[in-house]
Structure formats: C-alpha cells, structure tokens
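So you can see what is in the structure, the chains are spelled out below.
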Amino acid sequence: MTRRLSAQPFAKQITARATEIAARAIADARGTAPEIAVVIATSEPDSLLYVDRLLKQVSATGLVGRRVELGEAATEAEIFATLTSLSADQSVAGIILQSPLPSGVSREIVAAAIAPGKDIDGITLVNAERLADGTHDASLLPATAAAVMELLRAYEIPLQGRQAVVVGRSAVVGRPVAHLLELEGAHVEVAHSKTPDLGVVTRTAAVLVVAAGVRGLVRGEHVSPGTVVIDVGIHPSGDTIVGDVDAPSVEAQLGETGGLSPVPGGVGPMTSAILALHAAQAAERLVRRRA
Ligand code: NAP
C-alpha cells in the first residue's frame, strides 16, 4: 500500500508549539493578547467556513482573532485603507487577506498596504522577493507552501539533487513551493495550464506537488512508481473534500515505495497549523517591538 503522508501527528505538534509561543508573548505583554486580523471581502460560503475555522484556530492558541468584514462590494481603495490602518494598529500582530477578492480588485495592489512584518500568509511582494532570493523569514512564508515543505520534512523525504515537479504556478502556492524546493537543493520543473503534455513532465518527478485547482487532474498515468505526491487541491464533494489528484488510480501506480498526502487530512490541516505558528511568531515580534 502507498504510504499516506497525513498531517497528524505533526500538525498537532506545530499547534502546540504555536500555543506555547503565544502564551509567552501574552505573558510578556502583561496578559494582553495580540490580535490577528482576517480581512474578508467575500460572501462565498466555503471561504467564510475557512475563516471561521481559522479564527477558531487563532483563539485556540490564546491570541485574539479580529474578523474584519468589508462585504463583497468592497472597493480596492476601501480594502487598501483597511489594510493600511491594521498595519499601523499596535494591537494587531498579523494580517490575513482572505480570498477571493471582489472582481476588479488587484490582490497585488491591496497587498502592498500590508506591513511586511505582519504578512503572516506571505502575500506581499516584499516577502515574495525575499523568498525568491532566499533571504526570507520562515514565519512570513505563504502558509500553504510552507505546509507542503513541512509535510516533506516530517516524512523525511529527501530533496537534495532530486527531480521535483510542481503543477501550478500561482503566487500563493505553486511559485513559492518551487522556490522552497529549489532552496532545498531539488531540481525543479514547473508545469502549468500551457504545458503541452502534463504526463511527460510529471512522470519524471521523484517528488510531485499538485496545486492546479482542477479536481482529479493528476491520474495514475501521470505518475511513476515510487514518486511522493503532495496534493494541495481542495474541492467540495458531498459532505467531504477531494483534491487535484485522483487518489485511487495514483495510489495503484505509486505502489508501496511511493507516498501520497491525503485529502482531507494532508496539506489542509498542516496549513492551519502553520498559520497558527506564524500568528504566534508575529505576536512575539509585536510584543518585543513594543517593549
Ligand atoms: P490558481 O491560482 O487557480 O492556480 C492554478 C495553477 O494551476 C495555475 O498556475 C494554472 O496554470 C495551473 N493549472 C490549471 N489547470 C491546469 C492544468 N490542466 N494542467 C496544468 N496546470 C494547470 O490556484 P491556487 O490558488 O494555486 O490553488 C491551487 C489549488 O490548491 C486549489 O484547488 C485550491 O483550492 C487549493 N488550495 C489549498 C490550500 C490548502 O490549504 N490546502 C490553500 C490554497 C489553495 P496557469 O498559470 O497557466 O493558469
């Protein structure tokens, strides 16, 4: 049977570490918990559900989650002004800008209003450039990309000198994952929607990360036996979720020497744990700065 690269127990350990760091920061701030602001300009049910879970996770660490609802009609100027004000707010340690944004709003433009030190989901250009040149702060990485790397680290998957393929090149997942894999010494190839024959590229991978946003895109014929596959995709399916990987056919092809991260139970819970850790580290930074 193919090895399942589940987030647990590692995500739980990371959350416990986040709680410890947050408790220290709160004690240093004489009992006042720093806040983590989540800015929401959407009414998409899946997105709101994600925010609920995120805020629950933040309060479980002892920090205060601040829900900033702007509504789906929010303009670029309004979102920019809100992010500017949160960046200057001394009680706010970290800021998350929830996706999706209203149509016509540029993520890149509004993200520029987030103070880089409070950018705990790594969406600002400043933090993206630091990652590209390898001078990044790990607590300011895009959380999902960091979660992919954490799963690989937790299961001791070697990366140095190995062929890694990333399907997807978005600024939030594909690109940062490709940079991080490269920094670990992997030889990285990125496939995207214009890649002429996906299977030709993906079959070369020792490590394959799939973040295409297409349900079941990667099937058995796209992988080689022994490959480790990380499935980043999330697609609602009845009362559960499925990924970008067609798990039954891929597992049949990977065999006993391969590995696959499950959906649910893989990148998703690891991303939540990493965000909690980034939030706690931002709280610690804020309290030190104020001291
Ligand atoms: P995105 O912004 O839509 O980017 C998708 C990328 O996949 C693009 O680069 C696109 O190529 C590429 N792509 C699309 N169709 C393809 C195809 N047929 N073959 C090869 N490449 C293809 O999506 P994202 O934000 O990166 O998210 C990707 C997936 O991860 C989604 O399912 C999302 O729900 C999930 N996600 C999960 C988490 C988590 O915590 N688990 C967090 C964030 C996102 P082009 O650049 O050429 O268009």
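Here, the structure is the one placed above.
Let me sum up the structure you'll find in this document. Computed from a prediction, not measured in an experiment: that's the story for all the values here.

**Description of the pairing of strand β5 (residues 163-167)**
Along β5, four of the five residues are buried, which leaves the element largely enclosed by surrounding structure. Bridge analysis of β5 against strand β6 (residues 187-191) gives five bridges, and the strand direction is parallel. Considered in β6, the bridge of Gln-163 is made with His-187. With helix α7 (residues 174-183) bridging β5 and the parallel β6, this β-α-β connection has right-handed handedness.

**Quick notes on the sheet that holds β6**
If you walk across this open sheet you meet the six strands as β1-β11-β8-β7-β5-β6, and the pairing is parallel. In this open sheet, the two strands that pair with only one neighbour each are β1 (3-4) and β6. As defined by bridge partners, β1 adjoins strand β11 (residues 259-260) across two bridges and the pair is classed as parallel. Residue Arg-3 lies in a different strand from β11, and its bridge partner there is Gly-259. Sheet strands touched by helix α6 (residues 143-154): β7 (207-210) and β8 (228-231). Its angle to β8, the strand with the most contacts, is close to 145°.

**Brief notes about the site of the ligand**
Lining the immediate environment of the ligand, one finds 22 residues, of which Thr-144, Arg-169, Ser-170, His-192 and Ser-193 sit closest. Taking Arg-169, its side chain carries an N or O atom lying 2.7 Å from an oxygen atom of the ligand. At a separation of 3.4 Å, an oxygen atom of the ligand approaches a polar backbone atom of Ala-212. Summarising the interface, the protein chains cover 69% of the accessible area of the ligand, which totals 940 Å² for the free molecule. Looking at the shell around the ligand residue by residue, the classes come out as ten nonpolar, ten polar and two charged.

**Some details on helix α1 (residues 10-28)**
Over its 19 residues, α1 extends 27 Å from the first C-alpha to the last, a length consistent with the 27 Å expected when each residue adds 1.5 Å. All of the buried residues in α1 are Phe-10, Ala-11, Ile-14, Ala-18, Ile-21, Ala-22, Ala-25 and Ile-26. Summarising the axial view, the buried residues of α1 lie within an arc of 145°, below the 170-degree limit, and thus occupy one face. Relative to its buried face, α1 has exposed residues pointing more than 90 degrees away, namely Lys-12, Glu-20 and Ala-27. Positive phi appears at Arg-30, one or two residues downstream of α1, with a value of about 55°.

**So, the packing of aromatic side chains**
Summed over all chains, the structure comprises one aromatic pair. On the numbers, 5.2 Å between centres and 75° between planes, the contact of Phe-10 with Tyr-155 is edge-to-face. Of this pair, Phe-10 sits in helix α1 while Tyr-155 sits in the loop between α6 and β5; the two residues are 145 residues apart in sequence, bridging distant segments of the chain.

Rules behind the numbers
Residues numbered from 1 in each chain as written. Predicted model: local features only at pLDDT ≥ 70, side-chain atom pairs only at ≥ 80, totals over all residues. Heavy atoms only, no water. Buried < 20%, exposed > 50% of the residue type's maximum accessible area, 1.4 Å probe, protein only. Helix = DSSP H or I, 4+ residues; strand = E, 2+ residues; numbered from the N terminus. Pairing = 2+ DSSP bridges. Right-handed = clockwise from strand over helix to strand, strands pointing away. Contact = heavy atoms within 4.5 Å. Axes fitted to C-alpha atoms, helices over the stretch in contact; angles between N-to-C directions. Near = heavy atom within 4 Å. Polar contact = N/O pair within 3.5 Å; in protein donor to acceptor, adjacent residues only side chain to side chain. Areas by Shrake-Rupley, 256 points an atom, 1.4 Å probe, with all protein chains shown as cover. Nonpolar A, V, L, I, M, F, W, Y, C, P; charged D, E, K, R; others polar. Expected span 1.5 Å × (residues − 1). Arc of directions from axis to C-beta. Phe/Tyr/Trp six-rings, centres within 6.5 Å; stacked < 30°, edge-to-face > 60°.

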